[in-house]
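# Descriptive analysis of the structure
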Amino acid sequence: QLQLVESGGGWVQPGGSLRLSCAASAAAFTSRYYTIGWFRQAPGKEREAVSCFNDIGSRKKYADSVIGRFTTSRDNVEKTVYLQMNSVKPEDTGVYFCAARWPPYPNGCKVLPDEGQFRDWGQGIQVTVSS
């Protein structure tokens, strides 16, 4: 099974930026294609999808609340997936998770994914946005 570890979380002020990383097990991204998702869960709220990236067709999908502010990308050399968070808001506060599925969904990320579509998850990392 794929091993995923998030890093780069912490505290930032509103309007600031943060980059989350999700490191995969050795050679995972260089040997296979994946459907990759980022999710977050705010205190007292349900877990929600933030973004999706599918290696088939290089399709990307973002939640309406983060369009224009968040960007997801993948580095096969470093075997790492990133979530660049710019112009952050207090409502971005929560625990962020990366998730992956192999083989990738042929039509993955055409719409925002459900968490049930993923089997392999990172441990989650806290992001706090406040003054």
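Look above for the structure.
As a starting point, this report considers the structure included with it. (Residues numbered from 1 in each chain as written. Predicted model: local features only at pLDDT ≥ 70, side-chain atom pairs only at ≥ 80, totals over all residues. Heavy atoms only, no water.)

### Here we look at the state of the cysteines
Short version of the rule: Two cysteine sulfur atoms make up a disulfide if the distance between them is within 2.5 Å. Numbered from the N terminus, helices here are DSSP runs of H or I no shorter than four residues, and strands are runs of E no shorter than two. Only protein chains enter the area calculation, which uses a 1.4 Å probe; residues under 20% of their type maximum are buried, those over 50% are exposed, and those in between are partly exposed.
Summed over the entire model, instances satisfying the criterion amount to two disulfides. Disulfide pairing is shown between Cys22 and Cys98; the S-S distance is 2.0 Å. Disulfide Cys22-Cys98: torsion about the S-S bond near 60°, hence right-handed. Note that Cys22 is positioned in strand β3 (residues 18-24) and Cys98 in strand β9 (residues 94-101), a separation of 76 residues in sequence. Taking relative accessible area as the criterion, Cys98 reaches 1% and is therefore assigned buried. In this model Cys52 forms its disulfide with Cys109; the gap between the sulfur atoms is 1.8 Å. Handedness of the Cys52-Cys109 disulfide follows from its S-S torsion of about -60°: it is left-handed. With Cys52 in strand β5 (residues 48-54) and Cys109 in the loop between β9 and β10 (120-121), the pair connects residues that are 57 residues apart, well separated along the chain. Accessibility expressed as a relative area gives 1% for Cys52, which makes it buried.

### Some thoughts on the sheet that holds strand β1 (residues 4-7)
Basically, it comes down to this: The pairing criterion is simple: DSSP has to find at least two bridges between the two strands. Each axis is a line fitted through C-alpha atoms, taken for helices only over the stretch in contact, and angles between the N-to-C directions span 0 to 180 degrees.
Read from one edge of the open sheet, four strands run β1-β3-β8-β7, paired in antiparallel fashion. Two strands bound the open sheet, and with one partner strand each, they are β1 and β7 (70-75). Here the average twist between neighbouring strands, direction ignored, is 15°. Both β1 and β3 contribute to a ladder of four bridges, which runs antiparallel. Paired with Glu6 across the strands is Cys22, a residue of β3.

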